[in-house]
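# Commentary on secondary and tertiary structure
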Amino acid sequence: FLIVQYKEAVVSTQSTGKRLKVNITIQGEAFGTILQQSFVVEYIIHYQMCDVCCKQKGSDGECWRALVQIRQRTIHKKTLFYIEQLILRHNMHKSAMNIRETEGGLNFYYQAKNNARKMVDFLLSVIPCQYKTSEELVSHDIQSNIFNYKYTYFVEIAPICKDEVVCLTTGNSRYLNHMSQVVICSRISDNVHLIDPLTLKIGQLNAQQFFREPFQAICHQKQLREFMVMNIEPIRESGKQFGSYSHKHTLADVWVLPVNSLGTDEDEIHTRTHLGNVLACGDYVLGFDVSHAVVNNSVFDKIKQLPDIILVKKIYPDKVKRNKGRNFKLRRIGARTESMTTDNADYNDFLEDLEEDPELRKNVNMYKTQVQVEEDVEAPRVGLEELLEDLVLDDKEEAEEEAMTDGC
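Owing to the predicted nature of the structure, the values given are computational and were not obtained by experimental measurement. (Residues numbered from 1 in each chain as written. Predicted model: local features only at pLDDT ≥ 70, side-chain atom pairs only at ≥ 80, totals over all residues. Heavy atoms only, no water.)

### Some thoughts on the side chain of K162
With respect to the helices, strands and loops of the structure, K162 is situated in the loop between β8 (146–157) and β9 (165–167). Other than its neighbours up to four places away in sequence, K162 contacts K78, C185, S186, R187, I188, Q221, D353 and D357. (Helix = DSSP H or I, 4+ residues; strand = E, 2+ residues; numbered from the N terminus. Contact = heavy atoms within 4.5 Å.)

### Quick word on the sheet that holds strand β19 (residues 309–315)
Strand order in the open sheet formed by 5 strands is β17-β16-β14-β18-β19, with antiparallel pairing between adjacent strands. Of all strands in the sheet, those with a lone pairing partner are β17 (269–273) and β19, marking the two edges. For this sheet, the mean angle separating the axes of adjacent strands, direction not counted, is 45°. (Pairing = 2+ DSSP bridges. Axes fitted to C-alpha atoms, helices over the stretch in contact; angles between N-to-C directions.)

### Focus: the sheet that holds strand β13 (residues 217–219)
Strand order across the open sheet formed by 6 strands is β13-β9-β10-β11-β12-β15, with antiparallel pairing between neighbours. Two strands bound the open sheet, and with one partner strand each, they are β13 and β15 (244–245). Relative to β15, strand β12 (residues 201–205) is paired through 2 bridges, and the arrangement is antiparallel. Along β15, the bridge assignment pairs I202 with S244.

### Let's talk about empty space enclosed by the protein
Summed over the entire model, instances satisfying the criterion amount to 3 cavities of 30 Å³ or more. Of the pockets and cavities examined, the largest cavity occupies roughly 140 Å³. As for the largest cavity, its lining consists of H76, K78, T79, Y82, I127, C161, K162, R187, I188, F350, D353 and L360. When contributions to the lining of the largest cavity are tallied by element, the ones reaching two or more residues are α2 (78–89), β10 (182–188) and α8 (341–356). Looking at the lining of the largest cavity element by element, the count peaks at 3 residues for α2. Along the lines of polarity and charge, the residues of the lining of the largest cavity split into 6 nonpolar, 2 polar and 4 charged. (1 Å grid on protein atoms, 1.4 Å probe; cavity = no way out; pocket = protein on both sides within 12 Å on 5 of 7 lines; lining within 4 Å. Points joined across faces, edges and corners; volume = space filled by probe spheres on them. Nonpolar A, V, L, I, M, F, W, Y, C, P; charged D, E, K, R; others polar.)

### Description of the packing of α2 against helix α3 (residues 113–126)
Following both chains from N to C, one finds α2 and α3 inclined at 120°, their axes separated by 11 Å at the closest point. In terms of orientation, α2 lies oblique with respect to α3. Between α2 and α3 lies a crossing of right-handed hand. For the pair formed by α2 and α3, the contact residues are I83, L86 and I87 on the first element and M119, F122, L123 and V126 on the second. For the contact of α2 with α3, the per-class residue count stands at 7 nonpolar, no polar and no charged. (Parallel < 35°, antiparallel > 145°, perpendicular 65-115°, else oblique. Left-handed = near helix turned anticlockwise from the far one by under 90°.)

### Observations regarding the side chain of T271
When you line up the elements, T271 lands in strand β17. The buried category is assigned to T271, whose relative accessible area is 3%. Within the local environment of T271, its side chain forms a polar contact with the backbone oxygen of I309, the two atoms lying 2.7 Å apart. Each residue touching T271, except ones within four places of it in the same chain, is listed here: A252, D253, V254, P307, I309 and L311. (Buried < 20%, exposed > 50% of the residue type's maximum accessible area, 1.4 Å probe, protein only. Polar contact = N/O pair within 3.5 Å; in protein donor to acceptor, adjacent residues only side chain to side chain.)

### Focus on the layout of surface pockets
The calculated volume of the largest pocket comes to roughly 960 Å³. Taken together, 31 residues form the lining of the largest pocket, with K162, S186, K248, H249 and D357 sitting closest to its centre. Those elements that place two or more of their residues in the lining of the largest pocket are β10, β11 (192–195), β12 and β19. Looking at the lining of the largest pocket residue by residue, the classes come out as 12 nonpolar, 10 polar and 9 charged.

### Details of the packing of aromatic side chains
Here the structure, examined in full by the defined rule, presents 8 aromatic pairs. An angle of 75° between the planes, with centres 5.2 Å apart, marks the rings of F81 and Y347 as edge-to-face. Taken together, the residues F81 in helix α2 and Y347 in helix α8 connect sequence positions 266 residues apart. Each member of the pair, F81 together with Y347, is buried. Put simply, the rings of F81, Y347 and F350 pair up and form one aromatic cluster. Taking the ring centre of Y151 as reference, the NZ or CZ of K113 above it sits at 4.3 Å. (Phe/Tyr/Trp six-rings, centres within 6.5 Å; stacked < 30°, edge-to-face > 60°. Lys NZ or Arg CZ within 6 Å of the ring centre and 35° of its normal.)

### Points about α3
Given 3.6 residues to a turn, an α-helix orients residues that are three or four positions apart in the same direction. The terminal C-alpha atoms of α3 lie 21 Å apart, and with 14 residues this matches the ideal 20 Å at 1.5 Å per residue to within 8%. Buried residues of α3: A116, M119, V120, F122, L123 and V126, and no others. The buried side chains of α3 occupy one side of the element, clustering within an arc of 160° when seen end-on. Those residues of α3 that are exposed and aimed more than 90 degrees away from the buried face are N114 and K118. Those residues of α3 that are buried lie in contact with β4 (66–71), α2, β6 (105–110), β7 (129–141) and β8. (Expected span 1.5 Å × (residues − 1). Arc of directions from axis to C-beta.)

### Focus on the pattern of salt bridges
By the definition in use, this model includes 17 salt bridges. Its salt-bridge partner being E84, residue R332 comes within 3.3 Å of it at the nearest N-O pair. Of this pair, R332 sits in the loop between β20 (328–330) and α8 while E84 sits in helix α2; the two residues are 248 residues apart in sequence, bridging distant segments of the chain. On the basis of relative accessible area, R332 is assigned to the buried category, the value being 13%. (Salt bridge = Lys/Arg side-chain N within 4 Å of Asp/Glu carboxyl O.)

Laid out in structure tokens, this is it:
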């Protein structure tokens, strides 16, 4: 058949003009007879955006079909920085339409539900977390029984971070071979790693065990007090009972003095610490001042025998020189916001943790930088054998990264 005649649109059924009716006449020959027929064709106009515009609109709720919301209820972002590096190392961000930073976490927008599910499964395998799902009906076709949904995955990360003092519940303490209820979080991986600073007993909880009987941190790193080591004596023998003990730490008796009390007649404070292998007289250390702390925790209030101070982490002087003279850098997901002072401080703390913890940086890709390293800074450094060559993106990849994170 051949179309022999067009006629102008006769009706615009909507004020928006997205439905249009056109009168069309067709003509053709069949069995030696010429046939002709006129009928009305209805057109529905659908707008379609290019890939770059689609990525930019992904955070506005127009094009995405699945959303992964990553959240952690803490006062700093060190764990989120670690998750960002894990995602980059395994290229889990490539299938995302858009990535947006929000208060307390990250949002990943996807065009397919399967890609969002892969991200959730990845997070469950590398970090202690749990998730909830929800769906919203966007549209449906009754005649063909087709439904269009938007899916949301809410991933909640355990609110415990490295170098935080936590108070275990009675059930968790019994599960960890009667470990002391006031312990330190030594590391976060797919489990929460804990250590008792008074006995060196260690234990770990996976996500299922943690969320079955959750507990909270009673002192964050920003709330620790600075002390100076006046004297230290390693403990050669300690009565180790049943359970697992750390072989990377050394138990020691230590006498410290608050930094703001130096030069006064205040008496030295005695405590026991797990940092006997890294501390020396004159060093500075961050600790939890139990005797002067106000803790809002019902389990902590029932504990009777507690030390006056719990030492958590050794700190190094010349922090400004250390931050400027770092010999490595990390890749970031697009143009992340770093203008806020708190965000910069958390990021620098995360970089310091990478320098001080070899196990932590095993899962992070670090790249060489051309910054001149300060030789007089006394602090751990990352060896050149652990660094990768500087990453160079071509123009196309760089444009895709910027488009993906537009609006962050």
